[in-house]
Amino acid sequence: LGEMLWMPLSASWVAQRATGRDDGRYMAWYTGSYSIAILVAPILGGTLYSFNPGNPWIMASIAAIVLPLGFWRLDALVGSGQSVLESTDCDLHAV
């Protein structure tokens, strides 16, 4: 469920910040970082779980708190004046 909500919004957000000839470069970095995360996450999660089965849940809880704050700060740094959700063409309130 999270990926279904995240992927369209994040791809749109990255594409809107790219300018002119840099579109491909921005999307390449975006998809490259996502691919690295797909490779690293199972290894990291399995390692954390081997030490203590509660560790992945603790890390997920921390990420659920820290990541929204990071995106709020990133949006402020970009200087768009819009929130990340407002900068997409997706209407989440229609559902």
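Residues numbered from 1 in each chain as written. Predicted model: local features only at pLDDT ≥ 70, side-chain atom pairs only at ≥ 80, totals over all residues. Heavy atoms only, no water.

**Student:** What am I meant to see in helix H3 (residues 55-78) here?
**Tutor:** Because an α-helix packs 3.6 residues into every turn, residues spaced three or four apart end up facing the same way. With 24 residues, H3 should reach 34 Å at 1.5 Å per residue; the first-to-last C-alpha distance of 33 Å fits that figure. The largest bend along H3 reaches roughly 25° and is located at Ala64, with the proline Pro68 sitting one to four residues downstream. (Helix = DSSP H or I, 4+ residues; strand = E, 2+ residues; numbered from the N terminus. Expected span 1.5 Å × (residues − 1). Bend = angle between axes of the 7 residues up to and from the residue.)

**Student:** Is there a simple way to explain the packing of helix H1 (residues 2-17) against H3 in this structure?
**Tutor:** A packed helix pair is summarised by two numbers, namely the angle formed by the two axes and the spacing between the axes. Interhelical geometry of H1 versus H3 gives an angle of 20° and a closest axis separation of 13 Å. Put simply, H1 runs roughly parallel to H3. Here the hand of the crossing between H1 and H3 comes out left-handed. Between H1 and H3, the contacting residues are Trp6, Trp13 and Arg17 on the first element and Phe71, Leu74, Asp75 and Val78 on the second. (Axes fitted to C-alpha atoms, helices over the stretch in contact; angles between N-to-C directions. Parallel < 35°, antiparallel > 145°, perpendicular 65-115°, else oblique. Left-handed = near helix turned anticlockwise from the far one by under 90°. Contact = heavy atoms within 4.5 Å.)

Purely geometric numbers; function is a separate question.
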